[in-house]
Amino acid sequence: MAKVMTLLVLRILMNLLFISWIALWIFKPTTLWTQSWHQAEDTIKHTFFGYYGLNFAVFSFPPIALSIIGLVYLSLLPQHHRPTRGGRSASIPVSRPAIINSFIGIVSCFEIIALLLFLLFLAWTFYVRVTNDFKKLTPVKNMDFNLWQLKYYRVATRFGLLAEACLSLLLFPVLRGLSMFRLLNIQFAASVKYHVWLGTGLIFFSLVHGGSTLFIWTITHHIEEEIWKWQRTGRVYIAGLISLIVGLLMWITSLPQVRRKKFEVFYYTHHLYIVFLVAFLFHAGDRHFYWVLPGIFLFGLDKILRIVQSRSESCILSARLFSCKAIELVLPKDPRLSYAPSSFIFVNIPVISQFQWHPFSITSSSSVDKHTLSVMIKCEGEWTNSVYNKVEEAANSENKIAIRVEGPYGPASVDFLRYDNLFLVAGGIGITPFLSILHELACKNRLKAPKRVQLVFAVRTFQDLNMLLPISSILFNPVNNLSLKLKVYVTQEKKHSNETRTLQEFLAQSQVQSIHFGTEEDYSRFPIRGPESFIRLATLVIITMLTFLGFLIGLSHFFIPTEHKSQSQSMKLATSGAMKTAKEKVPSWIPDLVIIVSYVKAITIGGLAARFLQWRQQHSKAPGMSKEVEPEERNLTELIPVAQIEEHEIHIGERPKLEGTLLINTIIFLSIIMSIRFNLFL
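Residues numbered from 1 in each chain as written. Predicted model: local features only at pLDDT ≥ 70, side-chain atom pairs only at ≥ 80, totals over all residues. Heavy atoms only, no water.

Asks: Explanation requested: the overall build of the protein in the structure shown.
Replies: The helix and strand inventory of the protein stands at 22 helices and 15 strands. Within the protein, the fraction of its 682 residues that count as buried is 52%. Residue pairs in contact within the protein that sit at least 24 positions apart in sequence constitute 80% of those at least 6 positions apart. (Helix = DSSP H or I, 4+ residues; strand = E, 2+ residues; numbered from the N terminus. Buried < 20%, exposed > 50% of the residue type's maximum accessible area, 1.4 Å probe, protein only. Contact = heavy atoms within 4.5 Å.)

This is the structure in structure tokens:
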């Protein structure tokens, strides 16, 4: 009861924080907010916290606090949030797909509503800002603009605020360990499209903002004197130009036409985000930066935590080479590491590349395989073919292959267990998430689990059927009251009149090479331990946030002197123009450097704290780790066979026809028709 009440309180707190943050976005452009905010800054700037502490508390703290509370909330949920009998929740209509398109992917009603609300907010912000600007037009210092030029210049400036709004949300969708989207059960592969949408909006508004400003300067002959000016206070225009050029370069190299053909170009170019963000800070100033700081703060900490986790090397225990140029890798894992079906990991093999990380779906189930973790890779590119070749070479030389792993990442809840019937559709290597789902369904009796599963699997050639071998024991020895029907479509083979082989005969004739590298000692020496627990992640966020705030206030007091006068006297003198505030006495780039130094120190301390926790985990005693039987053998001996199996179908030279197959309200259509090559989403 106490746990339920705690979860309820945390949920209320998260809702209140989120609503407050949204309200802040809505009221910030208004005149009432501007006047109230100036009064608040004047009141607090002479205190210990200063204007920088106030800006952080109001603009930066709410999303960070939401992340902390969300992590605590997730830590209190049952493992994978498994439903129980009678615990089925109704499907939310707005979460169902509304648009399915090869260009934009799958878009739900909820996403369309959220996008329209965000566009409405941008229109509201632009309208209020421009209306207020036109009511009190004032000449720009040192520039002779006529009326239309001045109005156009103000409009161009306000487009910069729209770009800033996109930037403030840009990095939230690409968080992994600290992702808040898991509270909505949105996985990383789905949330990346929000990053793409926001990035496109950011570049569009930045181009209008920067291009219009340069246009006005050009026709008024001020471009040469303004573009290179690094003024003591105010906007640094050359920094804005650098930010625009770098952002445009990152956006161009992220287009599908470039990313899919030259992934390395996209990957390395995207690391210019550091230059982009620093240039934005010097261009917009520290007060604007607090608005976009939460995403940058969480992204930096998330990045450093992933680096800490990926420093630990593991090794490949065994591999299976399939004739379809696919390879299955078996890796050791800590028996305490549990993950939900359809989770994925990022893999780096140093002998191939020190810097390339590629994501792959996990094909095993932590409920079945306590000591190992498996992934399947289809060799379709330079890196994946190199993996295949290295494994073949290592088989002849009997050398171990070192591997680094980041993750697993996956859903916080196992939604498919809520349904009585599943209809699964996969094409090619897109079968991999379903392999883990089927292992999970067949592993043991559950209070609530689907009773009937139909899998439609489309491949090009007979050799591609090898990818079904990891679940062969489930296909031909049904278990756990699970009725499984498989329909296979081999699209690019021709059916011969005398072709009578069954699916089981096709799999029995498959050419598979099994290679073993590891020993029993490797299970305990190189286990994959996974990311930190939710409660430890929340602790690390708190430590890093307090460190940042401490350095921010301390360095600001040292480099930005505070006026030691009474508040009323200071405000009176400032109004009369007899004195300048402390902020105005120092160059505008000094507060920017204070933010950068505070951020770097805080993220570094957060990384050191994470490394200490990892060291403690590595030296803690785990349950006995010894080599187990192969997953295929274990499935045959431990799983309990039940009723007679349904005969699987194989269709040669045909494509699946799904029209009329789906029954409304009786099945869930898990449309994961994709090759799990997550590098297409990065």
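Having seen it, we continue.
Asks: Even after reading the chapter, I still don't get the packing of helix α3 (residues 50-76) against helix α12 (residues 286-310), so can you show me in this structure?
Replies: Packed helices, taken two at a time, are described by the angle their axes make and the gap between the axes. Between α3 and α12, whose axes approach to 9 Å, the crossing angle comes to 25 degrees. One way to sum up the angle between α3 and α12 is to call them roughly parallel. Pair α3 / α12 crosses with right-handed handedness. Within the contact between the two elements, α3 uses Y51, Y52, N55, F56, F59, S60, P63, I64 and S67 and α12 uses D286, R287, Y290, W291, L293, P294, F297 and L298. Its residues assigned to classes, the contact of α3 with α12 comprises 12 nonpolar, three polar and two charged. (Axes fitted to C-alpha atoms, helices over the stretch in contact; angles between N-to-C directions. Parallel < 35°, antiparallel > 145°, perpendicular 65-115°, else oblique. Left-handed = near helix turned anticlockwise from the far one by under 90°. Nonpolar A, V, L, I, M, F, W, Y, C, P; charged D, E, K, R; others polar.)

Asks: Honestly, the sheet that holds strand β3 (residues 313-315) in this entry has me stumped. Any pointers?
Replies: Backbone hydrogen bonds are what pair the strands of a sheet, in a parallel or an antiparallel way. If you walk across this open sheet you meet the four strands as β3-β9-β6-β7, and the pairing is antiparallel. What marks the edges here is a single partner per strand, and that holds for β3 and β7 (358-361). Pairwise comparison of adjacent strand axes, ignoring direction, gives a mean angle of 45 degrees for this sheet. (Pairing = 2+ DSSP bridges.)

Asks: Just checking my understanding: could you explain the pattern of salt bridges for this structure?
Replies: For side chains of opposite charge, pairing can occur when their charged atoms come near one another. Within the structure shown, the criterion is met by 14 salt bridges. The closest approach of N and O atoms between K390 and E393, which form a salt bridge, is 3.9 Å. Of this pair, K390 and E393 both sit in helix α13 (residues 382-397), three residues apart, which is roughly one turn of the helix. A salt bridge links R536 to E532; the nearest nitrogen and oxygen atoms lie 3.4 Å apart. Assessed through its relative accessible area of 29%, R536 is described here as partly exposed. Note on E532: relative accessible area 16%, which makes it buried. Linked by salt bridges that have partners in common, R176, D302, R306 and E406 make up one network. (Salt bridge = Lys/Arg side-chain N within 4 Å of Asp/Glu carboxyl O.)

Asks: Help me understand the packing of aromatic side chains in this model?
Replies: How two aromatic rings sit relative to each other is given by the distance of their centres and the angle of their planes. As enumerated under the stated definition, the model contains 34 aromatic pairs in all. Both rings, one in F297 and one in F548, keep their centres 6.3 Å apart while their planes meet at 65 degrees; by these two values the pair is edge-to-face. Highlighted residues: F297 in helix α12 and F548 in helix α18 (residues 534-559), separated in sequence by 251 residues. A relative accessible area of 1% means that F297 is categorised as buried. You can call F548 buried: its relative accessible area is 0%. Three or more aromatic residues joined by ring pairs form one cluster here, namely W21, W25, W33, W37, F59, F118, F121, F172 and W291. (Phe/Tyr/Trp six-rings, centres within 6.5 Å; stacked < 30°, edge-to-face > 60°.)

Asks: How should helix α8 (residues 237-253) be read in this particular structure?
Replies: In an α-helix, one turn spans 3.6 residues, which is why side chains three or four residues apart end up on the same side. With 17 residues, α8 extends 25 Å from end C-alpha to end C-alpha; this agrees with the ideal 24 Å at 1.5 Å per step. Every buried residue belonging to α8 is among Y237, I238, A239, G240, S243, L244, V246, G247, M250 and T253, and all of these are buried. The elements touched by buried residues of α8 are α5 (147-170), α6 (188-219), α7 (223-227), α9 (256-259), α10 (263-269) and α11 (273-284). (Expected span 1.5 Å × (residues − 1).)

Asks: Looking at this structure, I do not really get the sheet that holds strand β8 (residues 372-378). What am I missing?
Replies: Reading across from one edge, β8-β5-β4-β13 is the order of the four strands in this open sheet, with antiparallel pairing throughout. The open sheet has two free edges, formed respectively by β8 and β13 (512-516), since each of these has just one partner strand. The mean inter-strand angle of the sheet, taken between neighbouring strand axes irrespective of direction, is 15 degrees. Across the sheet, α13 touches β4 (318-322), β5 (326-332), β8 and β13, and the angle it forms with β5 is around 70 degrees.

Asks: Help me understand helix α14 (residues 432-442), please; the structure alone is not making it clear to me.
Replies: Of all 11 residues in α14, 11 are buried; the element is thus mostly enclosed. Those residues of α14 not exposed but buried are T432, P433, F434, L435, S436, I437, L438, H439, E440, L441 and A442.

Asks: Help me understand the packing of α12 against α18, please; the structure alone is not making it clear to me.
Replies: Here α12 crosses α18 at 125 degrees, and the two axes come no closer than 11 Å. In this view, α12 runs oblique relative to α18, as classed from their interaxial angle. The handedness of the crossing between α12 and α18 comes out as right-handed. Of the residues in α18, those in contact with Y290, L293, F297, L298, L301 and L305 of α12 are L537, L540, V541, T544, M545, F548 and L552. For the contact of α12 with α18, the residue count by class is 12 nonpolar, one polar and no charged.

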